[in-house]
Amino acid sequence: MTDPANPDPARSFGGVADSYDRGRPSYPVDAVKWLVGEEPCSVLELGAGTGKLTEVLVGLGHDVFATDPDDAMLDILSEKLPDVRATSGTAEQIPIGDSLYDVVVVGQAFHWFDHAKALAEIGRVLRTDGRLAVVQNERDERIPWVRKLGKLIGKHDGGFDPTPILDDSGLFSAVEAQAFRHWQIVDRHSIQDLVQSRSNIATLEPEAQEQKRREVLAFYNGYGRGMDGMQLPYNCHAWRAQVLPHAQVKHTVEVVEKVDEPEQTVPLAKRTDTAVRLPRVITDPENGDDDLLIDFR
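So, how was this worked out
Residues numbered from 1 in each chain as written. Predicted model: local features only at pLDDT ≥ 70, side-chain atom pairs only at ≥ 80, totals over all residues. Heavy atoms only, no water. Axes fitted to C-alpha atoms, helices over the stretch in contact; angles between N-to-C directions. Helix = DSSP H or I, 4+ residues; strand = E, 2+ residues; numbered from the N terminus. Parallel < 35°, antiparallel > 145°, perpendicular 65-115°, else oblique. Contact = heavy atoms within 4.5 Å. pLDDT = per-residue confidence, 0-100. Polar contact = N/O pair within 3.5 Å; in protein donor to acceptor, adjacent residues only side chain to side chain. Phe/Tyr/Trp six-rings, centres within 6.5 Å; stacked < 30°, edge-to-face > 60°. Buried < 20%, exposed > 50% of the residue type's maximum accessible area, 1.4 Å probe, protein only.

## So, the packing of helix α2 (residues 29-36) against helix α3 (residues 52-59)
Two quantities define a packed helix pair, namely the angle between the helix axes and the distance between the axes. Between α2 and α3, the least distance of the axes is 10 Å, while the angle of their chain directions is 75°. Here α3 runs roughly perpendicular to α2, going by the angle between their axes. Where α2 approaches α3, its residues V29, V32 and V36 are matched on the opposing element by L53, V56 and L57.

Quick look at the structure:
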C-alpha cells in the first residue's frame, strides 16, 4: 500500500487519468509499424494506461490485450476501445499463461518496472521468435522554448535507454533502435493537462499542483498563440529485441521429497489466466451485432 506521505510516482496517474488522456501525445504510426510489424499479430501491451498506444496498434489491425495496474486508466481505455480486452495487471506478474503472444509492447512505462522480474515474465509469455518492443516519447528540448517548458514541468521521461538492461538480462537478442520525429498540437487547455499528468506534479500537494498549472499557463500565454495552439516537437525512441529460447521458461512443478511420505508435487508459481476485469462481453461483427461472446481469456 502506498504511503500517503510518500506517494509512489508509478501509481500516481489514476487521479489524473483524464488529464493524462487529454494532455499526453500519441505515437507515430511509422514507429509502431517498425516495432510490431505491419502484418496483424497478437500483442500484449504492458502499462497501457488510457490507450494512447493501444489506439495505434488497433488501427494497424493487431489483436491487443491491454494491461495496466491502474483501473482508472483502464476505464478510459475501455470506454474508447470497448472491443479491446483489458485487465488490471503488472509487468512483474502478468496475468496470462505461457507462450501466448507474438509481441509484448511497452509505451512510456518500461522505466517503472522491476526489470529482473518483468523481463522474466515477458520471456515467459512470448512465443518462440517473439519480440519485446519498447517505445518512449521525449520532448525535443534542443528547441529553446521546449527547453523552457521542460524546466517548468520536469524531465523524468528524458534520456531513457533500455538497451543496457536488455543486454544484461541475457534473455533477448541484440537490441535494434530507431527514432521517429513527430509533433503534438497543444493549446492553452491541453498544455495544462500535460503538466497535471506528470508523475512528479501529480504527487505534489494540491496547492503546489495549482501553482505549477498557473506557471505553465502563463508560459503558454507569453507566446501569444491563443486558440491556434502550438506544435510541441517530440522524438519517439523505439527499441526492439527478440526473445531467446532459454528465456521462455514455462511454469512447471517440482518434486518435493519428504521422509516417510509419498512424493508430492508443489506448484512453483500460482497464477490464474482469468484476470480481474474479465470476462468482457463483446459483440461479434462477423455474426451480426445481436450475437454476444463471453471472452474468458
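From this point on, the discussion continues.
## Observations regarding the confidence of the model for the chain
Interpretation of this model should avoid reading the predicted coordinates in detail wherever pLDDT is low. For the chain, per-residue confidence averages 81 on the pLDDT scale, and residues scoring 70 or more make up 75% of the total. Below a pLDDT of 50 lies the segment residues 1-8, which in the model reaches three contacts outside its immediate sequence neighbourhood of four places, other chains included. In the predicted structure, residues 252-297 sits below a pLDDT of 50 and forms 75 contacts with residues beyond four places in sequence or in another chain.

## A look at the side chain of D21
Looking at the element boundaries, D21 is found in helix α1 (residues 17-23). A polar atom in the side chain of D21 sits 2.7 Å from the side chain of K80. Apart from the residues within four sequence positions on either side, D21 is in contact with T50, K52, I76 and K80.

## Quick word on the packing of aromatic side chains
Here the structure, examined in full by the defined rule, presents five aromatic pairs. A ring pair is formed by W34 and F180, whose centres lie 6.4 Å apart and whose planes are at 55°; its orientation type is tilted. Here the residue W34 occupies a position in helix α2, and F180 occupies one in strand β6 (residues 176-186), the gap between them amounting to 146 residues. Just as W34 is buried, F180 falls in that class too. When the ring of F110 is compared with that of F160, the centres are 6.0 Å apart and the planes differ by 50°; the resulting orientation is tilted. Residue F110 is found in the loop between β4 (101-107) and α5 (115-125), and its partner F160 is found in the loop between α6 (144-153) and α7 (163-169); the two are separated by 50 residues along the sequence. Looking at F110, the relative accessible area reads 0%, which means it is buried.

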